[in-house]
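Spelled out from the first residue to the last, the chains are:
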Amino acid sequence: MDPMEIKFTILAVFLITHFTAFYKKWYYTRPQIDTITHFLGGLAVGAFIKDWSIAIALIIVWEFLEMLMVSKYWRAFRETPFNKVQDALFGLLGFFIAVNVF
């Protein structure tokens, strides 16, 4: 398989997992899916972005954006500080794996 095909497959798996979880409301009923999607997102970032400072900034900024998206009607981003750190670490883990493989 062509390296670009692999990269786009990783991106597709991430997007399919995220949108399926969102559509089926798994972020509310199966909180562990959040960790999986952060890891897959980190893989997708690492597949396309090789500059570690940009990638780390994107992963950390995303966690701050999640805090801004919390509203009275949208519970998906109401997370504990421990969960925020866990999400960032799993995103970074995915990034470091992908950047060293691709």
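Residues numbered from 1 in each chain as written. Predicted model: local features only at pLDDT ≥ 70, side-chain atom pairs only at ≥ 80, totals over all residues. Heavy atoms only, no water.

### Focus on the overall build of the protein chain
Formally: By the criteria applied, helices consist of DSSP H or I runs no shorter than four residues and strands consist of E runs no shorter than two, each listed in order from the N terminus. Throughout, radius of gyration means the C-alpha value; the globule benchmark is 2.2 Å times the number of residues raised to the power 0.38. Partly exposed describes any residue whose relative accessible area lies between the buried limit of under 20% and the exposed limit of over 50%, with all areas from a 1.4 Å probe on protein chains only and scaled to the type maximum. The contact criterion used is simple: two residues touch if any of their non-hydrogen atoms lie within 4.5 Å. Only the protein chains shown count as cover for residues, and all accessible areas are computed by the Shrake-Rupley method using a 1.4 Å probe.
Each helix and strand in the protein chain was counted, giving five helices and zero strands. Seen in sequence order, the protein chain has helices and strands lined up from the N terminus as α-α-α-α-α. Over its C-alpha atoms the protein chain spans a radius of gyration of 14 Å, differing by no more than 12% from the 13 Å that the globule rule assigns to 102 residues. Residue burial in the protein chain is summarised as follows: out of 102 residues, 33% are buried. Considering only contacts in the protein chain between residues 6 or more positions apart, those separated by 24 or more positions represent 67%. Accessible surface for the protein chain amounts to roughly 6700 Å². Of this, 75% is attributable to carbon and sulfur atoms.

### Describing a nonpolar patch on the surface
Let me state the cut-off plainly: Within the patch definition used here, like charges are joined within 9 Å and nonpolar side chains (Val, Leu, Ile, Met, Phe, Trp, Tyr) within 5 Å, considering only residues with over 30% relative accessible area and no salt bridge. Only one rule defines a salt bridge in this text: a Lys or Arg side-chain nitrogen within 4 Å of an Asp or Glu carboxyl oxygen.
There is a patch of nonpolar side chains on the surface, built from Phe90, Leu93, Ile97, Val101 and Phe102 and spanning about 410 Å² of accessible area. Within the secondary structure, Leu93 sits in helix H5 (residues 81–101).

### Notes on the packing of helix H4 (residues 52–68) against H5
To keep it simple, the criterion reads: Only C-alpha atoms enter the line fits that serve as axes; for helices the fit covers just the stretch in contact. Angles between N-to-C directions range over 0 to 180 degrees. Angle categories: roughly parallel below 35 degrees, roughly antiparallel above 145, roughly perpendicular from 65 to 115, and oblique for all the rest. Handedness of each helix crossing follows the sense of rotation of the near helix against the far helix: counterclockwise by less than a right angle gives left-handed, clockwise gives right-handed. Residue polarity is assigned by list, with Asp, Glu, Lys and Arg as charged and Ala, Val, Leu, Ile, Met, Phe, Trp, Tyr, Cys and Pro as nonpolar; anything else, Gly included, falls into the polar class.
The geometry of H4 relative to H5 is characterised by a closest axis approach of 10 Å and an angle of 155° between their N-to-C directions. Comparing their axes, H5 and H4 come out roughly antiparallel. Along this stretch, H4 crosses H5, giving a crossing that reads as right-handed. Note on element contacts: H5 touches H4 through Lys84, Asp87, Ala88, Gly91, Leu92, Phe95 and Phe96, opposite Trp52, Ala55, Ile56, Ile59, Glu63, Glu66 and Met67. Looking at side-chain class alone, the contact of H4 with H5 contains nine nonpolar, one polar and four charged residues.

### Quick word on the packing of aromatic side chains
Both the distance between ring centres and the angle between the ring planes are used here to describe each pair of aromatic rings. Formally: Each Phe, Tyr or Trp ring, with Trp reduced to its six-membered ring, pairs with another whose centre is within 6.5 Å; inter-plane angles below 30 degrees give stacked pairs, above 60 give edge-to-face pairs, and intermediate values give tilted ones.
Counted according to the given criterion, the structure contains two aromatic pairs. With a centroid separation of 5.1 Å and an interplanar angle of 65°, the aromatic rings of Phe8 and Phe48 are classed as edge-to-face. Residue Phe8 is found in helix H1 (residues 3–23), and its partner Phe48 is found in helix H3 (residues 32–48); the two are separated by 40 residues along the sequence. Classification of Phe8 by relative accessible area gives partly exposed; the value is 47%. Each ring, one from Phe95 and one from Phe96, has its centre 5.1 Å from the other, and the planes form 65°; the classification is edge-to-face.

### Overview of the pattern of salt bridges
Side chains that carry opposite charge are capable of pairing whenever their charged atoms lie near each other. Evaluated as defined, the whole model comprises one salt bridge. One salt bridge connects Glu63 with Lys84, and the closest N-O pair in it is separated by 3.7 Å. Placement of Glu63 in helix H4 and of Lys84 in helix H5 is noted, with a sequence separation of 21 residues between them. Across this residue pair, the class does not change: Glu63 and Lys84 are buried.

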